[in-house]
Amino acid sequence: MKAIVFCEYGSADVLKFEDVEKPVPNDNQVLIKVRAASLNAFDAYVIRDSWLGRLIFGLRKPRDTRLGQDIAGQVEAVGKNVTQFKPGDEVFGISRGALAEYACTFERALVSKPPNVSFEQAASLPLAGLTALQGLREGKIQPGQKVLINGATGGVGTFAVQIAKSLGAEVTAVCSTRNVDLVRSIGADHVIEYTKEDFTKSDQRYDVIFDNVCNHSFAERRRVLYPKGICVLAGMGGAGVKGSEAIGRIAGNLFTARALSSFTDQKFAQYRTKSSKQDLIMLGDLVKTGKLRPVIERTYKLSDAPEALRYLNEGHARGKVIITVEQDNKR
Ligand SMILES: NC(=O)c1ccc[n+]([C@@H]2O[C@H](COP(=O)([O-])OP(=O)(O)OC[C@H]3O[C@@H](n4cnc5c(N)ncnc54)[C@H](OP(=O)(O)O)[C@@H]3O)[C@@H](O)[C@H]2O)c1
């Protein structure tokens with residue numbers, strides 16, 4: 001089968017579209033014929049040449065050459081202990097090596113795809129949708145609360161704006177000028193263009209800041225939080241943020257956030273997105289019922305995944321970047 005692989009660290013140029021062995025599911029796994037996958041900032045971090053990446057993913061070269069996490073497709077075969085799926089079922093969820101014609105994953109990482117949700121829409125949901133949903137939960141949002149989403153137009157941000165609105169919040173979206181219409185179209189009540197205005201310098205206060213970018217100091221963000229406000233630290237600005245800067249923001253989140261939260265009533269909440277069947281079902285239902293509209297800016301063929309990652313690396317993708325696999329299967 002064809003797959004995207006990387007055998008060395010580097011830019012998107014290290015990605016190769018190659019023939020590899022078709023995976024075989026073990027007793028607890030499901031083999032999926034991939035119809036669509038989506039890219040995340042995580043995919044860019046995995047291939048990037050950094051000391052942190054080498055510590056995690058393999059010192060001299062990547063231990064696992066597969067790429068991709070978010071998957072939607074049809075079940076091709078199941079292991080003998082799999083009870084919830086059978087061949088032909090349409091599913092979506094999380095699978096290593098999603099950028100391939102076939103991928104294997106555990107049944108706990110998959111849910112059924114609602115029939116009226118496309119494979120592309122379903123593939124957009126897992127990592128970005130779970131990150132938005134679980135992060136907003138950390139913010140304990142109540143109807144009527146003022147919520148600011150910093151980095152509102154990327155994969156996570158476009159879901160966060162819509163989910164916060166569905167929870168009854170008054171949402172302020174922070175984005176670049178070209179995305180003002182987009183964030184309004186997905187429900188933002190107020191928009192701040194970060195090129196013209198710094199939200200941390202305004203007199204407006206917020207109950208919750210959902211921060212996808214973390215490009216302001218803790219003091220600046222505390223200034224615009226209500227005394228019992230919560231700042232949810234979701235990310236550090238997507239694939240566009242370069243290595244040392246990203247590590248600086250992660251370190252700040254790790255150490256300062258915890259220390260500050262124990263000294264003031266304002267909280268800085270950190271979390272790691274978890275795979276959750278229940279949450280994936282909830283996201284699928286929200287799309288099925290029209291309450292959540294995945295924003296899909298660009299769709300690429302599997303063989304063009306390097307170009308797709310190059311685009312994501314520019315740091316200004318609108319919503320999700322999708323890879324479709326059916327064209328390659330039909331060749
Ligand atoms: N906590 C977790 O477990 C977890 C899980 C998944 C992802 N994440 C993190 O979440 C973050 C966002 O991921 P993503 O997939 O949404 O990335 P993305 O699709 O690349 O989006 C990044 C967004 O950042 C915005 N941006 C860039 N500079 C900005 C600035 N100065 N002010 C405000 N917005 C700015 C861009 O908007 P414009 O084009 O309008 O500039 C773009 O929409 C990443 O750091 C990722 O690592 C965390």
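Residues numbered from 1 in each chain as written. Predicted model: local features only at pLDDT ≥ 70, side-chain atom pairs only at ≥ 80, totals over all residues. Heavy atoms only, no water.

*Asks:* Could you give me a rundown of unusual backbone geometry, with the residues and numbers involved?
*Replies:* Notably, lysine 140 is not glycine yet its phi reads approximately 50°, a positive angle. As for its position among the elements, lysine 140 is in the loop between α4 (126-138) and β8 (146-150). We classify lysine 140 as exposed; its relative accessible area is 58%. Unlike most non-glycine residues, cysteine 214 shows phi in positive territory, near 55°. With respect to the helices and strands, cysteine 214 occurs in the loop between β11 (206-211) and α7 (218-223). (Helix = DSSP H or I, 4+ residues; strand = E, 2+ residues; numbered from the N terminus. Buried < 20%, exposed > 50% of the residue type's maximum accessible area, 1.4 Å probe, protein only.)

*Asks:* Please provide a residue-by-residue account of the pairing of β8, values included.
*Replies:* Regular strands show a simple pattern: their side chains alternate between the two faces of the sheet. For β8, a buried count of four out of five residues is recorded, marking the element as mostly surrounded by other parts of the structure. Of the pairings in the sheet, the one linking β8 to strand β9 (residues 170-175) comprises five bridges and is parallel in character. From the neighbouring strand, isoleucine 149 faces β9, where its bridge partner is alanine 173. A crossover links β8 with its parallel partner β9, the connecting element being helix α5 (residues 155-166), and its sense is right-handed. Bridge analysis of β8 against β11 gives four bridges, and the strand direction is parallel. The residue bridging valine 147 from the neighbouring strand is valine 208, located in β11. (Pairing = 2+ DSSP bridges. Right-handed = clockwise from strand over helix to strand, strands pointing away.)

*Asks:* I'd love a proper account of the pattern of salt bridges, names of residues and values included.
*Replies:* A complete count under the given rule lists 18 salt bridges for this structure. Across the pair lysine 80 and aspartate 27 runs a salt bridge whose closest N-O atoms are separated by 3.3 Å. Pair noted here: lysine 80 is in the loop between β4 (70-78) and β5 (90-94) and aspartate 27 is in the loop between β2 (16-19) and β3 (29-38), with a separation of 53 residues, a long-range link. The partner of lysine 288 in a salt bridge is aspartate 285, and the shortest N-O contact between them spans 3.7 Å. Taken together, the positions of lysine 288 and aspartate 285, both in helix α9 (residues 277-288) and three residues apart, correspond to about one turn of that helix. Taking relative accessible area as the criterion, lysine 288 reaches 39% and is therefore assigned partly exposed. One network of salt bridges, with partners in common, ties together Asp64, Arg66 and Arg96. (Salt bridge = Lys/Arg side-chain N within 4 Å of Asp/Glu carboxyl O.)

*Asks:* Please give an account of the packing of α4 against α5 that cites residues and values.
*Replies:* In a packed pair of helices, the relevant descriptors are the angle between the two axes and the axis-to-axis distance. Relative to each other, α4 and α5 sit at 45°, their axes nearing to 8 Å. Between α4 and α5, the angle falls in the class oblique. Our pair here, α4 against α5, has a crossing hand that is right-handed. Contact residues: Ala128, Gly129, Thr131, Ala132, Leu133 and Leu136 in α4; Gly155, Val156, Phe159, Ala160, Ile163 and Ala164 in α5. Class assignment of the residues belonging to the contact of α4 with α5 gives a composition of nine nonpolar, three polar and no charged. (Axes fitted to C-alpha atoms, helices over the stretch in contact; angles between N-to-C directions. Parallel < 35°, antiparallel > 145°, perpendicular 65-115°, else oblique. Left-handed = near helix turned anticlockwise from the far one by under 90°. Contact = heavy atoms within 4.5 Å. Nonpolar A, V, L, I, M, F, W, Y, C, P; charged D, E, K, R; others polar.)

*Asks:* I'd love a proper account of a nonpolar patch on the surface, names of residues and values included.
*Replies:* Residues Trp51, Leu52, Leu55, Ile56, Leu59, Ile250, Leu254 and Phe255 make up a contiguous nonpolar surface patch of about 830 Å² in total accessible area. At the level of elements, α2 (51-57) and α8 (243-263) are the ones that each hand at least two residues to the nonpolar patch. Here the nonpolar patch takes four residues from α2, the largest share from any one element. Tracing the chain through its elements places leucine 55 in helix α2. (Patch = residues over 30% accessible without salt bridge, like charges linked within 9 Å, V, L, I, M, F, W, Y side chains within 5 Å. Areas by Shrake-Rupley, 256 points an atom, 1.4 Å probe, with all protein chains shown as cover.)

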